[in-house]
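# Examination of the molecular architecture
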Amino acid sequence: PLTLEEVRMLVELFYLPYHHGALAQELLEHFRWLRANSLSVGVPATAPDACGGTRWRGRAQSFQLLCARTCRLHSRFVSTAGRALLYDLHPYLWDIRNMLLAASAFVLWLGCQSITAPILLGRDAEPWARRGGLFGELQALLPVGNSCDLFYHPPPLFPSSQLYQLRPLLPLDKVGAVAWRGCSEVSQGLQAQLSHAPALPGRLLGSFLSLSPEYTFVLEDEGGPCGYAAGALHAEGFLQQRDSSWLPAIRHKYPPDLGTGGPALGQEAVLFFHAEPLAVPQPVLRRFPSLVQLGTAPRVLDVGASRSLALCLLSALRANGSRGVFCQVSDADRQQLSFYSKLG
């Protein structure tokens, strides 16, 4: 059963409509302070304000621990609560878990980036655009907090106790392992018969990992990486650099005859890079200047984790001034179309 401490946490998260419990108040205070003081930290550890950076990282670590405790509470509640109580309270706890996954990753991202543009809040939203309670206050603190469509999703019919962690791609990551395991499941036959061909994750993420790694996030569960979100702040420049430098280098590395005689999937993987990419119309680039791409492994059935991925990536882009985003999806790719449709 739930411990007394876990029951106390549950009560403090949903104390009274206009009065938070101690845990919720601590989460809000940390998040407000970290966002307000994020410009004092950056990529170099020896920044001029080293003392301020140390304090910021200390509070960021405390915030991460509180978020992790709340996510564990959600998992424990799903595993131990009686069915009637679970279905009454789960939607609220599920919402808070998803919000804290995104907020926690956003804070981690702030700590490893040098923000050159102010974090944009935009105009004040209408009162109906946000919910009340802790969820609404956390929503208001994310740079995309006024985009109400991002925050309204029905909870799953069958609650899952799976624990997730969401974080930015860090310099110490072994990028190949993260991309291979987290972005797609490629047949073992391809690995064995065409070990030098680029795998599907490399095709999907290679340009982002090379040209825009600062806007890449990784979703992990107990089995390891299981999802990704990648973006390019200035899509026009990103696409030009991809086509002029990155693609020629990849084509040289993987000549078109590399897949000859191998499995069909291997030939497709190689020929993918030798097809001319479709041009993005200028009206799209003017209205939606940033490019995004998201994906999860088939085992991720909880749309809340995918939604947190999207919230975090969009918040990072918005924090650096993006006015809108677009993604490129083949009209024949029903899996990706379904994935983005479920995100709303």
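Since we're looking at a predicted model, the values are computed, not measured.

### Things to note about the side chain of His-20
Secondary-structure assignment places His-20 in the loop between α1 (4–13) and α2 (22–36). Within the structure, His-20 has its side chain in polar contact with the side chain of Glu-137 (distance 2.7 Å). The contact partners of His-20, leaving out residues within four places of it in the chain, are Glu-12, Tyr-15, Gln-25, Leu-28, Gly-133, Leu-134 and Glu-137.

### A look at helix α12 (residues 303–319)
With 17 residues, α12 should cover 24 Å at 1.5 Å per step; its first-to-last C-alpha distance of 24 Å lies within 8% of that length. Counting buried residues along α12, 15 of its 17 residues qualify, which places the element largely inside the surrounding structure.

### Thoughts on the packing of aromatic side chains
How two aromatic rings sit relative to each other is set out by the distance from centre to centre and by the angle between their planes. Taken as a whole and assessed by the stated rule, the structure comprises six aromatic pairs. Seen from their ring centres, Phe-106 and Trp-109 are 5.8 Å apart, and the 20° between their planes marks the pair as stacked. Taken together, the residues span about one helical turn, with Phe-106 and Trp-109 both in helix α4 (residues 83–111) at a distance of three residues. An identical accessibility class is assigned to Phe-106 and Trp-109; each is buried.

### Structural notes on the pairing of strand β2 (residues 216–221)
Most of β2 is tucked away: six of the six residues are buried. Bridge analysis of strand β1 (residues 165–168) against β2 gives four bridges, and the strand direction is antiparallel. By the bridge assignment for β2, Pro-168 is matched with Phe-217. Summarising the sheet, β2 and strand β3 (residues 224–232) pair through six bridges and their orientation is antiparallel. Residue Leu-219 lies in a different strand from β3, and its bridge partner there is Gly-227. Linking two consecutive strands that pair antiparallel, namely β2 and β3, is a turn of two residues.

Conventions used here
- Within any chain, residue numbers begin from 1 and follow the written order of that chain's sequence.
- Reporting of local features is limited, given that this is a predicted model, to residues whose pLDDT is at least 70; pairs of side-chain atoms are given and counted only at 80 or more, and all residues count toward the totals for whole chains, interfaces and linings.
- Only hydrogens and water are set aside when side-chain values are computed; all heavy atoms of the structure are taken into account.
- A helix here means a DSSP run of H or I that spans at least four residues, while a strand means a run of E at least two residues long, and both kinds are numbered starting from the N terminus.
- Side-chain atoms alone can form a polar contact between residues adjacent in sequence; in general such a contact is a pair of N or O atoms within 3.5 Å, and within protein one must be able to donate a hydrogen while the other accepts it.
- We call two residues contacting when some pair of their heavy atoms lies within 4.5 Å.
- To estimate the expected span of a helix, count its residues, drop one, and scale the result by 1.5 Å.
- A 1.4 Å probe rolled over the protein chains alone gives each residue an accessible area, and that area as a share of the maximum for its type sets the label: buried under 20%, exposed over 50%, partly exposed in between.
- Classification of ring pairs rests on two measures: the distance between centres of Phe, Tyr or Trp rings, Trp counted by its six-membered ring, which must be within 6.5 Å, and the angle between planes, read as stacked under 30 degrees, edge-to-face over 60 and tilted in between.
- Here, any two strands with at least 2 DSSP bridges between them count as paired.

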